[in-house]
Amino acid sequence: MPDTAIVRRFRPPLVDRVRFEPLPPEQRLIHEPKVKVLARKDGYDFCSRITGIPVGPNSRPMACAYWNVKRGECTVVTPEVTGYNYLGHELRHCFEGAFHD
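Residues numbered from 1 in each chain as written. Predicted model: local features only at pLDDT ≥ 70, side-chain atom pairs only at ≥ 80, totals over all residues. Heavy atoms only, no water.

(A) The overall build of the chain, seen in detail. If you tally the helices and strands in the chain, you get three helices and three strands. Helices and strands appear in the chain in the N-to-C order α-β-α-β-β-α. Evaluated residue by residue, the chain yields a buried proportion of 34% over its 101 residues. Considering only contacts in the chain between residues 6 or more positions apart, those separated by 24 or more positions represent 59%. Put simply, the chain shows about 6800 Å² of open surface, and 55% of that area lies on carbon and sulfur atoms. (Helix = DSSP H or I, 4+ residues; strand = E, 2+ residues; numbered from the N terminus. Buried < 20%, exposed > 50% of the residue type's maximum accessible area, 1.4 Å probe, protein only. Contact = heavy atoms within 4.5 Å. Areas by Shrake-Rupley, 256 points an atom, 1.4 Å probe, with all protein chains shown as cover.)

Have a look at this one:
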């Protein structure tokens, strides 16, 4: 799998190297989110459409999360090959929303 080498070389950003504790439920975008994870063949392109980050030779959205507040759901999307740090980062978005934007 060609993307395996990219995932192995990746160093997570500083925001992902600190201990994460979810916000109290009353401060979250969704109080008790139901989380779904989708690993997609078109994960980079799908997340590019969601985030607006273009897929290029030197950058691409490695994962993304989107939420449906009415249904209380948060969906994490990744390519089929990903790292735990990407899942954790996007799970954090499910609890804190756009914490680094």
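Don't stop here, the text continues.
(B) Representation of the pattern of salt bridges. Per the stated rule, a full pass over the model turns up five salt bridges. With a closest N to O distance of 3.8 Å, Arg49 and Asp42 form a salt bridge. Glu73 is the partner of Arg71 in a salt bridge, and the nearest nitrogen-oxygen pair spans 3.0 Å. Given a relative accessible area of 16%, Glu73 falls into the buried group. Salt bridges sharing common partners tie together Lys36, Arg71 and Glu73. (Salt bridge = Lys/Arg side-chain N within 4 Å of Asp/Glu carboxyl O.)

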